[in-house]
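Geometric and topological summary
Here is how the chains run, residue by residue.
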Amino acid sequence: MNVVGQGTERVRLPLVKRMTISHFSLYRNRSENIVPFDKRVFCLAGANGLGKSTFLAILNYSITGAVAQPDVKVLSLAEYFKKAKGYVLDYFTGRVKEDDREIAEVTIEFTLGDYSYTVTRGMFYPTELRALSITGPGIDVHREAGLEDSAGGQDIHEEYVAYILEHTGLAQFEQLVYLQHFLVTFDERRHLLFWDPEVARFALFLVFGMDTARADKVADWQRKADRLESQARNAQYQATSARSQIQDLLTRAGGNVDVDTDLEEEHRRLSAERDDSAVRVEEKIAQEKDQRLQVGIAAAEHHALTIEYNRAFSARSATHAGAAENSTILRLLHERHCGICGTEDVASIDEVSALIEQDICPLCRTPSSDSSESDDFGVLRELDVQLQSSNSRLSSAQKALDRATQELEEARQGLSAVSKKLQDFEKVHSEWLLDQSTRSGVSKVVQQLEAERLNAIDRRDDFRRKRDEFYALMKPVKQELAERYAEAEIEFLPRFQTLARAFLGLDLHCELDRKSRGPELVVTINDQKRREQNQLSESQRYFIDIALRMALTEYMIGPGESACLLIDTPEGSLDIAYEARAGEMFGEFVARGNRIIMTANLNSNRLVLELANVCRRDLMHVERMTNWSVLSEVQAQSENLFDKSYEDIQVSLDGMLL
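Calculation rules
Residues numbered from 1 in each chain as written. Predicted model: local features only at pLDDT ≥ 70, side-chain atom pairs only at ≥ 80, totals over all residues. Heavy atoms only, no water. Helix = DSSP H or I, 4+ residues; strand = E, 2+ residues; numbered from the N terminus. Contact = heavy atoms within 4.5 Å. Areas by Shrake-Rupley, 256 points an atom, 1.4 Å probe, with all protein chains shown as cover. Pairing = 2+ DSSP bridges. Axes fitted to C-alpha atoms, helices over the stretch in contact; angles between N-to-C directions. Parallel < 35°, antiparallel > 145°, perpendicular 65-115°, else oblique. Nonpolar A, V, L, I, M, F, W, Y, C, P; charged D, E, K, R; others polar. Buried < 20%, exposed > 50% of the residue type's maximum accessible area, 1.4 Å probe, protein only. Core = buried A, V, L, I, M, F, W, Y, C linked by side-chain atoms within 4.5 Å. Salt bridge = Lys/Arg side-chain N within 4 Å of Asp/Glu carboxyl O. Polar contact = N/O pair within 3.5 Å; in protein donor to acceptor, adjacent residues only side chain to side chain. Phe/Tyr/Trp six-rings, centres within 6.5 Å; stacked < 30°, edge-to-face > 60°. Lys NZ or Arg CZ within 6 Å of the ring centre and 35° of its normal. pLDDT = per-residue confidence, 0-100. Left-handed = near helix turned anticlockwise from the far one by under 90°. Expected span 1.5 Å × (residues − 1). Bend = angle between axes of the 7 residues up to and from the residue.

**A short note on the overall build of the protein**
For the protein, the count of helices and strands is 17 helices and 14 strands. A fraction of 71% describes how many contacts in the protein between residues 6 or more apart in sequence connect residues 24 or more apart. For the protein, the exposed area adds up to about 32400 Å²; of that, 47% sits on carbon and sulfur atoms.

**Some thoughts on the sheet that holds strand β1 (residues 15-22)**
Here six strands make up an open sheet; going across it, the order is β2-β1-β4-β5-β6-β7 and the pairing antiparallel. Lying at the two open borders of the sheet, with one neighbouring strand each, are β2 (32-36) and β7 (139-144). Looking at each pair of strands side by side, their axes are set apart by 10 degrees on average, direction ignored. As judged from the eight bridges shared by strand β4 (residues 105-112) and strand β5 (residues 115-122), these two strands associate in the antiparallel manner. Along β5, the bridge assignment pairs Thr-111 with Ser-116. This element, helix α1 (residues 52-64), spans β1, β2, β4 and β5 of the sheet and lies at about 105 degrees to β1. Strand contacts of helix α3 (residues 150-168): β4, β5, β6 (131-136) and β7, with the helix running at about 145 degrees to β5, the strand carrying the most contacts.

**Re the packing of helix α15 (residues 606-619) against helix α17 (residues 639-653)**
Contact geometry for α15 and α17: axes closest at 7 Å, N-to-C directions at 40 degrees. Regarding the angle of α15 to α17, the classification is oblique. Contacts from Val-608, Leu-609, Ala-612, Asn-613, Arg-616 and Arg-617 in α15 reach Asp-648, Ile-649, Gln-650, Ser-652 and Leu-653 in α17. Within the contact of α15 with α17, the residues separate by chemical class into five nonpolar, three polar and three charged.

**Let's talk about the pairing of β1**
Burial analysis of β1 places six of its eight residues in the buried class, which makes it a mostly covered element. As paired elements, β1 and β4 share seven bridges and run antiparallel to each other. The residue bridging Ser-22 from the neighbouring strand is Glu-105, located in β4. By the bridge criterion, five bridges tie β1 to β2 in an arrangement that is antiparallel. Bridge pairing in β2 places Ser-22 opposite Glu-32.

**Things to note about the nonpolar core**
In terms of nonpolar packing, the biggest core is built from 152 residues, with Phe-55, Tyr-160, Phe-496 and Phe-586 touching the most fellow members. Considering every element that reaches this core, the biggest residue donor is helix α12 (residues 443-504), with 17 residues. With sequence-adjacent residues up to four places away left out, Phe-496 is seen in contact with Phe-194, Leu-508, Cys-510, Ile-544, Ala-547, Leu-548 and Ala-551. Counting residues in hydrophobic clusters, the runner-up holds seven residues, among them Ile-329, Leu-332, Val-346 and Ile-349.

**Focus on the pattern of salt bridges**
For the structure shown, the criterion picks out 27 salt bridges. In this structure, Arg-467 engages Glu-229 in a salt bridge whose closest nitrogen and oxygen atoms are separated by 2.4 Å. On the criterion of sequence distance, the pair formed by Arg-467 in helix α12 and Glu-229 in helix α6 (residues 212-253) is long-range, its members being 238 residues apart. Summarising the burial analysis for this pair, Arg-467 and Glu-229 share the class buried.

**Overview of the environment of Asn-391**
Mapped onto the secondary structure, Asn-391 falls in helix α10 (residues 371-428). Judged by relative accessible area, Asn-391 falls into the partly exposed class, the value being 41%. Placed 90 residues apart in sequence, Asn-391 and Glu-301 show a C-alpha to C-alpha distance of 9.3 Å.

**Section: the side chain of Thr-107**
Relative to the assigned elements, Thr-107 resides in strand β4. A distance of 2.8 Å separates polar atoms of two side chains, one belonging to Thr-107 and the other to Thr-120. Not counting the four nearest positions on each side in its chain, Thr-107 is found in contact with Arg-18, Met-19, Thr-20, Thr-118, Val-119 and Thr-120.

**Overview of the side chain of Lys-52**
Counting through the fold element by element, Lys-52 comes out in helix α1. A polar contact is formed between the side chain of Lys-52 and the side chain of Asn-601, at a distance of 3.0 Å. When neighbours within four sequence positions are excluded, Lys-52 is seen to be in contact with Leu-44, Gly-46, Ala-47, Thr-599, Ala-600, Asn-601 and Met-625.

**Some words on the packing of aromatic side chains**
All chains considered together, the criterion is met by 20 aromatic pairs. A ring pair is formed by Tyr-87 and Tyr-91, whose centres lie 5.8 Å apart and whose planes are at 55 degrees; its orientation type is tilted. Taken as a pair, Tyr-87 and Tyr-91 lie in helix α2 (residues 77-92) at a separation of four residues, close to a single helical turn. Of the two residues, Tyr-87 and Tyr-91, neither departs from the other in class, the shared state being buried. Here a set of aromatic residues connected by ring pairs shows up, and it is made of Phe-24, Tyr-27, Phe-37, Phe-42, Phe-55, Tyr-61, Tyr-87, Tyr-91, Phe-92, Phe-124 and Trp-628. In this structure, Arg-189 is placed above the aromatic ring of Phe-182, and the distance from its NZ or CZ to the ring centre is 5.0 Å. Positioned over the ring face of Tyr-542 is Arg-190, at 5.8 Å from the centre of the ring.

**Side note on the confidence of the model for the protein**
Low pLDDT means the predicted coordinates in that region are not meant to be read closely. Per-residue pLDDT for the protein has a mean of 81; in total, 84% of the residues score no lower than 70. Every residue in residues 1-8 scores below 50 in pLDDT, and together they form 23 contacts with partners more than four places removed in sequence or on other chains. Low pLDDT (under 50) marks residues 255-259, which in the prediction has eight contacts with non-local residues, meaning those over four places away or in another chain.

**Considerations on the packing of α1 against α2**
The N-to-C vectors of α1 and α2 enclose an angle of 130 degrees; their axes lie 12 Å apart at closest approach. In terms of orientation, α1 and α2 fall into the oblique class. Two packed elements cross with a definite hand, and for α1 against α2 that hand is left-handed. Facing Ser-53, Thr-54, Ala-57, Ile-58, Tyr-61 and Thr-64 of α1, the residues of α2 in contact are Phe-81, Val-88, Tyr-91 and Phe-92. Classifying every residue of the contact of α1 with α2 gives seven nonpolar, three polar and no charged.

**Some remarks on α2**
With 16 residues, α2 should cover 22 Å at 1.5 Å per step; its first-to-last C-alpha distance of 23 Å lies within 8% of that length. Considering bend angle alone, the principal kink of α2 is centred on Gly-86 and spans about 30 degrees. Among all positions in α2, only Leu-77, Tyr-80, Phe-81, Ala-84, Tyr-87, Val-88, Tyr-91 and Phe-92 are buried. Of the residues trailing α2, Gly-94 is marked for its positive phi of about 100 degrees.

In structure tokens form, the structure reads like this:
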């Protein structure tokens, strides 16, 4: 069982076994759909508009009592959960007939480690349960509530929440909702975890083993810091706007104002110098980050070579240690003490020395063989050469990082110095601008705007001071996350690279970028960082993000457990060259003992065909959704095409990919 709040155990997530959907009007051909998830891949194949995406929403709703809203910004987990619960009524209205609202329900069966859950929810009652069963070591819970027993249903839901937090190791139920909606589910929202640091950040805390209760506090601190930073930016905008208005008024005053050209020139010079220094700082920040990445890559390479060298050295020492290296022989030769019989001051060791010089064991008189020893030395010499080269690269990268760090610090000091000069200038000559407008009739307006500017600057500084207090609270947590990521990288990164390479056929690297607002994941493809979505094609973005979710979930669950992803397949984004590769990527994830619940269109797309060919019938079940709902007139006219597509999938499941 996971221990909540200790940060020493992996987080567990529900592994679904079966779902029963009753009286769901969208699936009008069946009053009850019983869907077993008894194979590693469940694929719901159908046509547009039949409810494939709704199926995944129902599955998540059955576990969480919430439905993910499209395009909703996650300000806090509590606020998101509140909105997702409220969205339930809007989402299912129209998908369930009015006459079926009370009786429409879903039952989900899943496991959490050694515990088996059966949960029944009404489609329009997100905070109530109609039935709950939990069995496992020391637990045998069976609860039911009638359709009219709202209070009883809420009590059962609260009991469910308490147990599921205990068995998942999470601190809040909102964390489970978040993980289900934003980590393990890639649905029709096409939300990209890689390029949304605000959402991904909290996942990193949970995935890499941070205390779940502490992670919840960090999320709250981050939200408050973000709000203060937004308020600071607004105040800065107000100060800048007031200053622009003052300058505009003075410009309009024209010749009616005596202008001190020396002060004007000095002010312009300081402002330009400040702006140039700010640009230089940004450039140096980017350079320092790039050099830090190079150090990380070189350090990882050197660490791997060191491990390989130590392993080879240990193997050689264990297998080929000669008599001259034996501690008993060494003591006899150097101290004239026999470690076998205990004799002190042995009279003569000449014979022992002579045998050792002839590479003959002094005990059994067996000549030593040096062929394997020579081979071992060859391996060690080669590794030593590689280590020296690696050490040189690491040293060079570290020097470049030190230089970039020094240049960044110098740039920051330069910006700080020129900013202070500008601030001192404006403070000393604060009345100068006002004096320029005295004869133009705009003095009072300028005075008012100057007061607004100074007030806005004071508020900005106050907001940033409070923001920095939250940053100070988060700093040790971010440091801990960076350390945990570094520890996990040797296991997590190869998982991600293998999956992504199966799709792209390119080498990828995933770096944890430690920004002031919080850590962010940055993907590098062929040594080029792709920080923006538009730097990749649509299909690359989608499937790299799916690979990331697979690797993160797999690592979070830990060895011996199966990760399960819910995927509304974005097959329409794929060109023909990548369809089969996407299927290979899914197959690689499944081959590692994980599960996929996915939806797909019945068309000529080779993703499902390739996955079916890899998994076969033993590991994959394809459910034909066209039997669940009534086809549109256009779809009914082309039903033979659906038949052909489904037949092709069945052929692939038999290992005969067309």
